[in-house]
Amino acid sequence: MSTFKQFKWAFLLALIIIGAVAFFTRDIQLVGVTLLLAVLEIGLSFDNAVVNAGTLKKMDQKWQNRFLVWGILIAVFGMRLVVPVLIVALFGGIAPWDAASLAVVDGHKYGEILHGIHAEIAGFGGMFLTMVFVNFIIEDRDIKWLVPLESFLAKFGQLKAFSAVIGIILTLTLPSLAPVSHHLSVTVAMLGGLLTYLLVDMLADRMESTEKKQTAKSIAKAGLASFIYLEVLDASFSFDGVIGAFALSSNIFIIMAGLFIGAFFVRSLTIFLVRGGHLDKLPHLEHSAHYAIAALACIMFLGIIPGVEIPEFVTGLTGAALIGLGVLTSMRHNRKYRQTA
């Protein structure tokens, strides 16, 4: 499948949205902000695309298409609009419809509330992503990237609930880094991230265990479980991007336009990686993406500390550097394999 064919709808959608922003606002600066938000979303979510591809390749084409079509609607309007509105309503002590109205009429105030609860959001997202990384790294795999480290950690994969214990330890210790008034709420948020992962993982295991029967119903259940997992994973990635977007604009419509473009490109990239077989061609790519997830989780946890604010471009560059390194080592691995074959 050609690269252009896979991304043609993403480029077409970007042109339509940018054209609409230009037509309705008549403001070239807002057009530039929309493009910048799209680039920011792509940069922050590139590792998300690679990890998603690892799950998506196990799904049939019907669920892959649903991930691209339904998933983009859930990702943009659900995870990047509805969920933040509900969070603002919960922590701001206002009704959800008032929070939605605030996002439209007073984006600056809405953004301030989101920034005010950054520690809680970082706690939830950081915990979920940590669990994703830990469960990946303790699985004994034929191909390893950082061989000594991964060989050592794979030994812990034989211990039941090892990752859950790690999550509990982090939940009991890291909230102390937050301001005193946020200790309890950050603890609850991290516990929520841990429980969400365990529930989704349990659901996936339950549904995938029936897939061996190869009935249409069992395959559909497995696809649904993977779909839910991917959407929650996407939410964990998106929180920081949504908060960072309000640093560039307080206009919720401009923010949604930029994030929609970026999210659709990320979805298209995920499908491209799966259908092009690039995960198999680059054996270290999935490993490096999970290390990028670990880096993002650490950055989120650092954000709990008062006064510590790491720019989004640092987060994006860190993830891009790790994935780029994974591509390079994969190419070297392939050359070495061909020479010894």
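Since this is a predicted model, take the numbers as computed values, not measurements.

### Observations concerning the overall build of the protein
Within the protein, the secondary structure is distributed over 14 helices and zero strands. Across the protein, helices and strands are ordered from the amino to the carboxyl terminus as α-α-α-α-α-α-α-α-α-α-α-α-α-α. Against the globule reference of 20 Å for 341 residues, the protein gives a C-alpha radius of gyration of 20 Å, in line with a compact fold. Projected onto its principal axes, the C-alpha positions of the protein cover 60 × 50 × 40 Å. Scored against the burial criterion, the 341 residues of the protein give a buried share of 51%. By sequence separation, contacts in the protein at least 24 residues apart represent 81% of the contacts at least 6 residues apart. In the structure as shown, the protein presents an accessible area of about 16700 Å², 69% of it carried by carbon and sulfur atoms. Across the protein, the 25 positively charged side chains and the 23 negatively charged ones have centroids separated by 12 Å.

### What to know about the packing of helix H2 (residues 28-56) against helix H11 (residues 252-275)
Interaxial distance between H2 and H11 falls to 6 Å at its minimum, and their mutual angle equals 30 degrees. With respect to H11, the element H2 is oriented roughly parallel. Handedness of the crossing formed by H2 with H11: right-handed. Along the lines of polarity and charge, the residues of the contact of H2 with H11 split into 22 nonpolar, six polar and one charged.

### A word on a positive patch on the surface
On the surface, Arg 332, Arg 335, Lys 336 and Arg 338 cluster together into a positively charged patch. Along the chain, Arg 332 turns up in helix H14 (residues 312-340).

### Thoughts on the confidence of the model for the protein
Segments scoring low in pLDDT should not have their predicted coordinates read at a detailed level. Summary statistics for the protein give a mean pLDDT of 83 and a share of 92% for residues scoring 70 or more. Across the protein, the element-wise mean pLDDT spans from 72 in helix H10 (residues 216-245) up to 93 in helix H8 (residues 162-173).

### So, the environment of Phe 91
Structurally, Phe 91 can be placed in helix H3 (residues 61-92). Judged by its relative accessible area of 38%, Phe 91 falls in the partly exposed class. With 20 residues separating them along the chain, Phe 91 and Gly 71 place their C-alpha atoms 27 Å apart. In this structure, Phe 91 is in contact with Ile 117, Glu 120 and Ser 185, ignoring residues within four places of it in sequence.

### Description of the side chain of Asp 47
Tracing the sequence through the fold places Asp 47 in helix H2. Exposure remark for Asp 47: the relative accessible area of 5% places this residue in the buried category. Once you skip the residues sitting within four places of it in the chain, Asp 47 turns out to touch Phe 237, Ala 289, Ala 292, Ile 293 and Ile 323.

### A short note on the nonpolar core
Proteins that are soluble and globular tend to have nonpolar side chains buried together. Tyr 110, Leu 114, Leu 129, Tyr 229 and Leu 233 are the most contacted members of the largest nonpolar core, which totals 100 residues. Here this core takes 17 residues from H11, the largest share from any one element. Each residue touching Tyr 229, except ones within four places of it in the same chain, is listed here: Thr 55, Phe 128, Val 132, Tyr 197 and Val 200.

### Regarding the packing of aromatic side chains
Inspection of every chain in the model, using the stated rule, returns nine aromatic pairs. Both rings, one in Phe 128 and one in Tyr 197, keep their centres 5.5 Å apart while their planes meet at 70 degrees; by these two values the pair is edge-to-face. Pair noted here: Phe 128 is in helix H6 (residues 118-137) and Tyr 197 is in helix H9 (residues 183-208), with a separation of 69 residues, a long-range link. Overall, Tyr 197 belongs to the buried group, its relative accessible area being 4%. Above the face of the Phe 23 ring, Arg 26 is positioned so that its terminal group lies 4.8 Å from the ring centre.

### A few points about the environment of Phe 253
Relative to the elements of secondary structure, Phe 253 occurs in helix H11. Put simply, Phe 253 and Thr 34 are 219 residues apart on the chain and 9.6 Å apart in space, counted from C-alpha to C-alpha.

What counts and how
Residues numbered from 1 in each chain as written. Predicted model: local features only at pLDDT ≥ 70, side-chain atom pairs only at ≥ 80, totals over all residues. Heavy atoms only, no water. Helix = DSSP H or I, 4+ residues; strand = E, 2+ residues; numbered from the N terminus. Rg over C-alpha atoms; globule rule 2.2 N^0.38 Å. Buried < 20%, exposed > 50% of the residue type's maximum accessible area, 1.4 Å probe, protein only. Contact = heavy atoms within 4.5 Å. Areas by Shrake-Rupley, 256 points an atom, 1.4 Å probe, with all protein chains shown as cover. Lys, Arg positive; Asp, Glu negative; His and termini not counted. Charge placed at Lys NZ, Arg CZ, Asp CG, Glu CD. Axes fitted to C-alpha atoms, helices over the stretch in contact; angles between N-to-C directions. Parallel < 35°, antiparallel > 145°, perpendicular 65-115°, else oblique. Left-handed = near helix turned anticlockwise from the far one by under 90°. Nonpolar A, V, L, I, M, F, W, Y, C, P; charged D, E, K, R; others polar. Patch = residues over 30% accessible without salt bridge, like charges linked within 9 Å, V, L, I, M, F, W, Y side chains within 5 Å. Salt bridge = Lys/Arg side-chain N within 4 Å of Asp/Glu carboxyl O. pLDDT = per-residue confidence, 0-100. Core = buried A, V, L, I, M, F, W, Y, C linked by side-chain atoms within 4.5 Å. Phe/Tyr/Trp six-rings, centres within 6.5 Å; stacked < 30°, edge-to-face > 60°. Lys NZ or Arg CZ within 6 Å of the ring centre and 35° of its normal.

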